[in-house]
Amino acid sequence: MASRPAALLLALLLAAPSWAQAQQGSEALARGQAALRADDYATAAREFEAARAALGDTQAIMRGLLLSYVQTRRLGEAIATGNAAVARFPQDADLQHWLGLAYFQSRDAAQAEAHLQEAARLRPANSDVRYDLGLVYSSQNRYPEAVRELQAAVKLAPRQPMARILLGRAYQNANQSVRAIAEFKTALRLDPKVPLGHYHLGFAYASLGQNQQAIAEYKKELAKSPEHPEVLYQLGHTLLETGAARSALPPLAKAAQVDPRNADAFYDLGKARVATKDYAGAVTALQQASALDPADPSPHFLMARAFERLGRPEEAKQERARFQELKQQVSEEGGMATGRVRR
């Protein structure tokens, strides 16, 4: 039997990685960190997994592994690794932040909020954490809290255009359109190519009834993103609102083509065709709008008008009856002048 000191030494030798194993683990760790710097997250994940097998759960390995899993959207592994990591290293703000992101991407807003708040407590001057907290609150329609966090993010990093865009959206959703416009303009000054900057600015103008300014901004956005269905729809819708039905036809037709699930695009397309006396085309678009949203009375109102102009009184009568039937089931939000009645 081995003496007690000899037994202890033997146990330590068996528990510790061999020199070769440690060397392999260190090399894998270095390759993983290099892959992270190169934004090659799939390679980074493989290298950190190899390092973990050789060296165990060190803080550096857990950090690299969690970040790689988040970036490659291996969310189940990210959450499992992140929870193990923050249990061992609870004061690491980056681990808390990245675990919060993993939960947010997994649509678990409560856990995302908890870990992001902890990251903000540990590192209050980090603009990225405040930005991501604002994103979580915005996703839950908690706009006052979103505004608070995004204002903090902008104060910490005033030249970040996406933070300005997100803050503007929070203002817009909180019915503060004037402040939203100021943020969108600032974002566009910082980066004229910021994604959807002109779209959001146009939407804010439209919410104030400033349709010509909105149309100008939507057109600028379309010059960058000619296939974007929502920009196409909002441009067509706003043109229609100003009475420019013929000009509204191309963007509305394109919006319906790009996103064939958009009932509003088909409805507005039908409305524009009625206004331009293309009654057969209007019926086709309105039938599609009704198929996509069977509870909406409004397409039937316009279809009745179109069938009348086409000299098909029986079908017009049926559509008018269907409109009245559905109208009784919904609250009236639009006016009878347009026939737009929504749930």
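Before reading on, note that the structure itself is shown above.
Residues numbered from 1 in each chain as written. Predicted model: local features only at pLDDT ≥ 70, side-chain atom pairs only at ≥ 80, totals over all residues. Heavy atoms only, no water.

Broken down by element type, the chain carries 19 helices and 0 strands. Counting across all 343 residues of the chain, residues that qualify as buried make up 45%. Long-range contacts, defined here as pairs at least 24 residues apart, represent 47% of the contacts in the chain between residues at least 6 apart. Accessible surface computed for the chain: about 17,500 Å², of which carbon and sulfur atoms make up 52%. Charge centroids of the chain, computed over 42 positive and 36 negative side chains, lie 4 Å from each other. (Helix = DSSP H or I, 4+ residues; strand = E, 2+ residues; numbered from the N terminus. Buried < 20%, exposed > 50% of the residue type's maximum accessible area, 1.4 Å probe, protein only. Contact = heavy atoms within 4.5 Å. Areas by Shrake-Rupley, 256 points an atom, 1.4 Å probe, with all protein chains shown as cover. Lys, Arg positive; Asp, Glu negative; His and termini not counted. Charge placed at Lys NZ, Arg CZ, Asp CG, Glu CD.)

Considering all chains together, one arrives at 22 salt bridges under this definition. Between Arg 74 and Glu 77 there is a salt bridge, and its shortest N-O distance comes to 2.8 Å. Relative accessible area serves as the criterion here: at 27%, Arg 74 is assigned to the partly exposed category. We classify Glu 77 as partly exposed; its relative accessible area is 35%. Between Glu 118 and Arg 121 there is a salt bridge, and its shortest N-O distance comes to 2.7 Å. With a gap of 3 residues between them, Glu 118 and Arg 121 both fall in helix α7 (residues 109-122), about one helical turn apart. Residue Arg 121 is classed as exposed on the basis of its relative accessible area, which comes to 52%. Here the residues in one salt-bridge network are Arg 63, Asp 92, Asp 94 and Arg 123, joined through shared partners. (Salt bridge = Lys/Arg side-chain N within 4 Å of Asp/Glu carboxyl O.)

Between helix α16 (residues 263-275) and helix α17 (residues 279-292), the shortest axis-to-axis distance is 8 Å and the interhelical angle comes to 160°. Considering their axes alone, α16 and α17 lie roughly antiparallel with respect to each other. Here the hand of the crossing between α16 and α17 comes out left-handed. On α17, the residues that touch Ala 263, Phe 266, Tyr 267, Leu 269, Gly 270, Arg 273 and Val 274 of α16 are Tyr 279, Gly 281, Ala 282, Ala 285, Leu 286, Gln 288, Ala 289 and Leu 292. (Axes fitted to C-alpha atoms, helices over the stretch in contact; angles between N-to-C directions. Parallel < 35°, antiparallel > 145°, perpendicular 65-115°, else oblique. Left-handed = near helix turned anticlockwise from the far one by under 90°.)

According to the stated counting rule, one finds 3 aromatic pairs in the structure shown. Relative to Tyr 218, the ring of Tyr 199 has its centre 6.0 Å away and its plane inclined at 40°; by these criteria the two rings are tilted. Here the residue Tyr 199 occupies a position in helix α12 (residues 197-207), and Tyr 218 occupies one in helix α13 (residues 211-224), the gap between them amounting to 19 residues. Residues Tyr 199 and Tyr 218 agree in their burial class; the two are buried. One aromatic cluster is present, built from ring pairs that chain together Tyr 199, Phe 203 and Tyr 218. (Phe/Tyr/Trp six-rings, centres within 6.5 Å; stacked < 30°, edge-to-face > 60°.)

Let's shift gears to helix α11 (residues 177-190). Under the 1.5 Å per step criterion, the end-to-end length of α11 is 20 Å for 14 residues, consistent within 8% with the ideal 20 Å. Buried residues of α11: Ser 177, Ala 180, Ile 181, Glu 183, Phe 184, Thr 186, Ala 187 and Leu 188, and no others. The secondary structure elements touched by the buried residues of α11 are α10 (161-173) and α12. (Expected span 1.5 Å × (residues − 1).)

Function-wise, these values are silent; they only describe arrangement.
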